[in-house]
Amino acid sequence: MFVKLCGLRTESDVTVAIETGADAVGFVLTSSPRQIDVDLAARLVAEVPADVLTVAVVRGITAAEAGEMALKTGVRALQLHGDYPRESFDELAELPFGLVRATALGPETDVRTGAFGEELLLIDSPVAGSGEQWDITRLAENPPTGKWMLAGGLSPETVAGAISVARPWGVDVSSGIESSRGVKDHGRMREFVLAARGQGL
Ligand SMILES: O=C(O)c1ccccc1N[C@@H]1O[C@H](COP(=O)(O)O)[C@@H](O)[C@H]1O
């Protein structure tokens, strides 16, 4: 199970994420309690070994702005969160990082990974980064294909059950591994990765 830990803000967050064996780490560059600036993100990205995917997470800015920020940080992937159109992905296609299309599940959502040219698809709750759970049984009506990650209200306590219902390729979490909004709980980061890989208590 591919595991992404998102919203890291400090060197110790990054160190612990790497220790847990997480496959990917996310840095939020736009408005959020977890937002960090490009310079700090670049410093944290530089601490991450090559076998861990580094992801810049953005919402509510143009594709051009997102591409410029991602380039400055040196991340290997850019997560476009929200309703970015196909044209935004086309605009960013030649840049030297992969693209993650992050969207909530609606009746018209294209749930085929790669439909917009992205490498990974992320299906999230309607309010990204809120920690709110959503009805993942709806995925059965419109099952995603390819490499797709499940997010939205996951936690060490819920992730194993969510995986058994939704059968994603990977999982992504932010709120569920925090002690308070924006502050990562290193114990919960460890518990989450273990639980996602079926090694929880
Ligand atoms: O984490 C944020 O603050 C955030 C802000 C803007 C866009 C995306 C954001 N996070 C993404 O939301 C999910 C995690 O949600 P949850 O907090 O676990 O419910 C994950 O995809 C993050 O990349």
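Bear in mind that the values here come from a model prediction, so they are computed numbers and not experimental data. Residue positions are given per chain, counted from 1 along the sequence in the order it is written. It should be noted that, the model being predicted, local features are given only for residues of pLDDT at least 70 and side-chain atom pairs only at 80 or more, the latter also being counted only at that level, while totals for whole chains, interfaces and linings use all residues. Values reported for side chains reflect all heavy atoms of the structure, with hydrogen atoms and water molecules removed beforehand.

**Examining helix H3 (residues 63–73)**
- Any residue under 20% of the maximum accessible area for its type is buried, any over 50% is exposed, and the rest in between are partly exposed; the area is computed with a 1.4 Å probe on protein chains only. Strands are runs of DSSP state E lasting at least 2 residues, helices are runs of H or I lasting at least 4, and numbering of each runs from the N terminus. Buried residues of H3: Ala63, Ala66, Gly67, Ala70 and Thr73, and no others. The buried residues of H3 occupy an angular sector of 130° when the element is viewed end-on, so they sit on one face.
- By definition in these notes, contact holds between two residues if any of their heavy atoms fall within 4.5 Å. In this fold, the buried residues of H3 make contact with helix H2 (38–46), strand E3 (53–58), strand E4 (77–81) and helix H4 (86–92).
- At the C-terminal side of H3, Gly74 shows a positive phi close to 80°. Think of the arc as the fan of directions from the helix axis to the C-beta atoms.

**Things to note about the UniProt feature "domain: N-(5'phosphoribosyl) anthranilate isomerase (PRAI)" (unreviewed entry) in the chain**
- UniProt positions are given in the numbering used here, feature names are shortened, and annotations may be inferred rather than shown by experiment. Here the UniProt-annotated "domain: N-(5'phosphoribosyl) anthranilate isomerase (PRAI)" (unreviewed entry) positions come out as residues 4–193.
- End C-alpha atoms of residues 4–193 are separated by 9 Å, and the span's content is 28% helix alongside 22% strand.

**Brief notes about the pattern of salt bridges**
- In the sections that follow, a salt bridge refers to a side-chain nitrogen of Lys or Arg positioned within 4 Å of a carboxyl oxygen of Asp or Glu. If you walk through the whole model with that rule in mind, you get ten salt bridges.
- Between Lys4 and Asp172 there is a salt bridge, and its shortest N-O distance comes to 2.8 Å. Of this pair, Lys4 sits in strand E1 (residues 2–5) while Asp172 sits in strand E8 (residues 170–173), and the two are 168 residues apart along the sequence. The burial state of Lys4 is the same as that of Asp172; both residues are buried.
- Three or more residues are tied together by salt bridges with common partners; here these are Arg34, Glu178 and Lys184.

**Looking at the site of the ligand**
- One heavy atom suffices: a residue is near a molecule or strand as soon as one of its heavy atoms comes within 4 Å of it. Of all residues adjacent to the ligand, which total 22 residues, the nearest are Ser32, Arg34, Gly153, Asp172 and Ser175.
- We call two N or O atoms a polar contact when they sit within 3.5 Å, provided that within protein one can donate a hydrogen and the other can accept it, with sequence-adjacent residues counted only if both atoms are side-chain atoms. Separating an oxygen atom of the ligand from a backbone N or O atom of Gly153 is a distance of 2.9 Å.
- Backbone polar atom of Ser174 to an oxygen atom of the ligand: 2.9 Å apart, as the coordinates give it.
- Residues are said to line a cavity or pocket when one of their atoms sits within 4 Å of a point; the points come from a 1 Å grid over protein atoms alone, cavities being sets where a 1.4 Å probe fits but cannot get out and pockets being open sets with protein on both sides within 12 Å along at least five of seven lines. Those molecules having more than half of their atoms within 2 Å of a cavity or pocket grid point set are described as sitting in that cavity or pocket. Because more than half of its atoms lie within 2 Å of the grid, the ligand is assigned to the largest pocket.
- Listing elements by their share of the shell around the ligand, those giving two or more residues are E4, strand E6 (120–124) and E8.
- In terms of residue class, the shell around the ligand is built from seven nonpolar, ten polar and five charged. We call Asp, Glu, Lys and Arg charged. Ala, Val, Leu, Ile, Met, Phe, Trp, Tyr, Cys and Pro are nonpolar, and the rest, Gly among them, are polar.

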